[in-house]
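Residues per chain are reported as follows:
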Amino acid sequence: MFQEKLRQMAGESLTRRLRTLSSGTGATVQFGGRSIILLCSNDYLGLAIHPAVIQAAVRATEQYGTGAGASRLICGTLPPHEELESALARFKGTESVLLFGSGYLANLGIIPRLIGRKGLILADRLCHASLIDGCRLSGADFRVYRHRDSSHVEALLKRRSSNRPALIVTDGLFSMDGDLAPLPELASLAKRYDAMLYVDDAHGTGIIGPTGRGTLEHFGVEQEISFHMGTLGKALGSSGAYLAGPRDMVEYLLNTARPFLFTTASPPSTAAAAGAALAIIQQEPDRRARLWSNRQRLFEGLQRIGFRMTETISPILPILIGDAASAVAFAEHLLAQGVYAPAIRPPTVPDDTSRIRVTVTSEHTTDHIDAALRAFESAGQATGLL
Ligand SMILES: *Cc1c(COP(=O)(O)O)cnc(C)c1O
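Basis of the calculations
- Residues numbered from 1 in each chain as written.
- Predicted model: local features only at pLDDT ≥ 70, side-chain atom pairs only at ≥ 80, totals over all residues.
- Heavy atoms only, no water.
- Phe/Tyr/Trp six-rings, centres within 6.5 Å; stacked < 30°, edge-to-face > 60°.
- Helix = DSSP H or I, 4+ residues; strand = E, 2+ residues; numbered from the N terminus.
- Buried < 20%, exposed > 50% of the residue type's maximum accessible area, 1.4 Å probe, protein only.
- Lys NZ or Arg CZ within 6 Å of the ring centre and 35° of its normal.
- Near = heavy atom within 4 Å.
- Polar contact = N/O pair within 3.5 Å; in protein donor to acceptor, adjacent residues only side chain to side chain.
- Areas by Shrake-Rupley, 256 points an atom, 1.4 Å probe, with all protein chains shown as cover.
- Axes fitted to C-alpha atoms, helices over the stretch in contact; angles between N-to-C directions.
- Left-handed = near helix turned anticlockwise from the far one by under 90°.
- Contact = heavy atoms within 4.5 Å.
- Core = buried A, V, L, I, M, F, W, Y, C linked by side-chain atoms within 4.5 Å.
- Salt bridge = Lys/Arg side-chain N within 4 Å of Asp/Glu carboxyl O.
- Right-handed = clockwise from strand over helix to strand, strands pointing away.
- Pairing = 2+ DSSP bridges.
- Domains from an automatic or database assignment.
- Buried area = accessible area lost by both parts, 1.4 Å probe.
- Nonpolar A, V, L, I, M, F, W, Y, C, P; charged D, E, K, R; others polar.

A. Here's a closer look at the packing of aromatic side chains. Scanning the model with the defined rule gives six aromatic pairs in all. Measuring from centroid to centroid gives 5.8 Å for F31 and Y340, while their planes differ by 5°, and the two rings are stacked. Highlighted residues: F31 in strand β1 (residues 28-31) and Y340 in strand β11 (residues 339-340), separated in sequence by 309 residues. Where F330 meets F376, the ring centres are 6.2 Å apart and the plane angle is 40°; that geometry is what we call tilted. One end of the pair, F330, is in helix α14 (residues 324-336); the other, F376, is in helix α15 (residues 366-382), and 46 residues separate them in sequence. Assessed through its relative accessible area of 0%, F376 is described here as buried. Here the aromatic cluster, defined as three or more aromatic residues joined through ring pairs, consists of F307, F330 and F376. Of note, R295 hangs over the ring of F299, and the distance from its end group to the ring centre comes to 4.5 Å.

Following this line, the structure appears as structure tokens:
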């Protein structure tokens, strides 16, 4: 039965396989016995391999052991968890923060506590899968609106029957497209139509905004949007997620969010690592500056070669290809040239929008970027895209 399903997926170029890197995710990695340029990691600031971050994880392990031993509410809460929650709340300017084991778990846990079966959810069509699963789990009536289209949101809110609770759900920075949600418009619609707004800033946290506080800071809407979530596994180079918001909300979620209640607390090392990464993000703004200049060099290079690039402001640069088989061929060609940026296919992205999702980090050198551009040009020519 499984074989047949796999054969069918293979026929559509939709099977995936694990590839094991033999070094940590830096600007370059060891893969298949050679050094290749990595252009798909979300470790945007190189903090997963930063000596101070590694040192913090090692020290926490030595002091508290490898595992937390139980869920947070039983006996799994350790100083690194508490310190990280306080540091994140200070960074985000909210009363409180609650950690979750991952972004996926946070979205499954939080959304059903915001809205129930009687409610209406309006979600961006390109929301992350974990948001969609959280929305489904809530049992609410679930509608999608056109990508970044706040007038569509307004039309759907206008049609809502009175007294029906409503929740707008969006990524802050869209993970596969690299564009930003129209947060000021969504926040004012939420206010005008008495709806809640849930922003997932997994990719924005640490890199977007003048001080890296995220997409809310970029748009200047931190006061208007009283809570949001983000993750620790991307720019923070660790693992886990957080909800930043008012104290009563955090206390309610701590009592009711099932993926918080019924799971072992994250290891003290990952919380300590995220805490150290957060400190570096605040102390070393030049990392963000390097990220943006690298992003600009890569973006302009890809445009010059002849790829049609969407105008975004993020280090996520999708090269749209279309069908899954061509995207896979493109990625294989890149890999042969020493560049790793895999094909992203359905169900991660909508049908016929398969792509190479390129991400650049602060740690790439101009030589890495120029070498990568030569590989992209050659892959584009070999696959007939250029
Ligand atoms: C990566 C991502 C998640 C999942 O976070 P994990 O901590 O990796 O589980 C959730 N939402 C968005 C928008 C993401 O990009």
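Back to the text.
B. Structural view of the site of the ligand. Residues in contact with the ligand amount to 14 residues; listed here are only the nearest, G103, Y104, D200, H203 and K234. In this structure, D200 approaches the ligand through a side-chain N or O atom, which is 2.5 Å from a nitrogen atom. In the environment of the ligand, an oxygen atom lies 2.7 Å from a nitrogen or oxygen atom belonging to the side chain of K234. Notes on the ligand: free accessible area 380 Å², of which the protein chains cover 83%.

C. Region of the structure containing the packing of helix α2 (residues 51-64) against helix α12 (residues 268-283). Contact geometry for α2 and α12: axes closest at 8 Å, N-to-C directions at 145°. Viewed along their axes, α2 and α12 form a crossing whose handedness is right-handed. When α2 is examined against α12, the residues A52, V53, A56, A57, A60, T61 and Y64 are found in contact with a partner set consisting of P268, S269, A272, A273, A276, A277 and I280.

D. Spotlight on unusual backbone geometry. P346 connects to P347 through a cis peptide bond whose omega is 5°. Here P347 lies in the loop between β12 (343-344) and β13 (354-359). Positive phi is not limited to glycine here, since S13 has a value of about 55°. Its identity as a non-glycine residue notwithstanding, D352 has a phi of 65°, on the positive side. For D352, the location among the structural elements is in the loop between β12 and β13.

E. Quick peek at the nonpolar core. If you look at the biggest cluster of nonpolar residues, it comprises 32 residues, and the most contacted ones within it are L45, L88, I207 and L232. At the level of elements, α2, α4 (79-92), β3 (96-100), β9 (241-245) and α12 are the ones that each hand at least two residues to this core. Every residue in contact with L88, bar those within four places of it in the chain, is listed here: V97, L99, L232, Y242 and L278. Core analysis: the second largest hydrophobic core is formed by 27 residues, I305, F307, A341 and A379 among them.

F. How the structure looks around the pattern of salt bridges. Throughout the structure, instances matching the rule amount to 15 salt bridges. A salt bridge links R213 to E217; its shortest N-O distance comes to 3.6 Å. By relative accessible area, which is 10% here, E217 ends up buried. Counted as one network, the salt bridges with shared partners bring together E284, D286, R287, R290 and E363.

G. Structural detail: the pairing of strand β4 (residues 120-124). A large share of β4 lies buried, amounting to five of its five residues. Neither face of β4 is exposed, since L120, L122 and D124 on one face and I121 and A123 on the opposite face are all buried. Since β4 and strand β5 (residues 141-145) lie parallel, the crossover through helix α6 (residues 129-138) that links them has a hand, and here it is right-handed. Judged from the four bridges that link them, β4 and strand β6 (residues 166-171) form a sheet pairing that is parallel. Each bridged residue has a counterpart across the sheet, and for I121 the counterpart in β6 is L167.

H. Summary view of the domain arrangement of the protein chain. Parsing the protein chain into structural domains produces domain 1 (2-38 + 285-382) and domain 2 (51-283). A C-alpha centroid distance of 27 Å is found between domain 1 and domain 2. Counting residues at the interface gives 18 residues for domain 1 and 23 residues for domain 2. The contact between domain 1 and domain 2 buries some 1300 Å² in all, and 64% of this surface belongs to carbon and sulfur atoms. Together, R288, I313 and I316 form the three largest contributors to the area buried by domain 1 at its contact with domain 2, with a combined 36%. Viewed at the interface, domain 2 and domain 1 are joined by one salt bridge. The tally of links between domain 1 and domain 2 comes to five residue pairs in polar contact (both at pLDDT 80 or more). Taken together, the elements giving at least two residues each to the side of domain 1 that touches domain 2 come down to α13 (285-305), β10 (316-322) and β13. With five residues, α13 is the single largest residue contributor to the side of domain 1 that touches domain 2. Tallied by class, the residues present in the side of domain 1 that touches domain 2 amount to 10 nonpolar, four polar and four charged.

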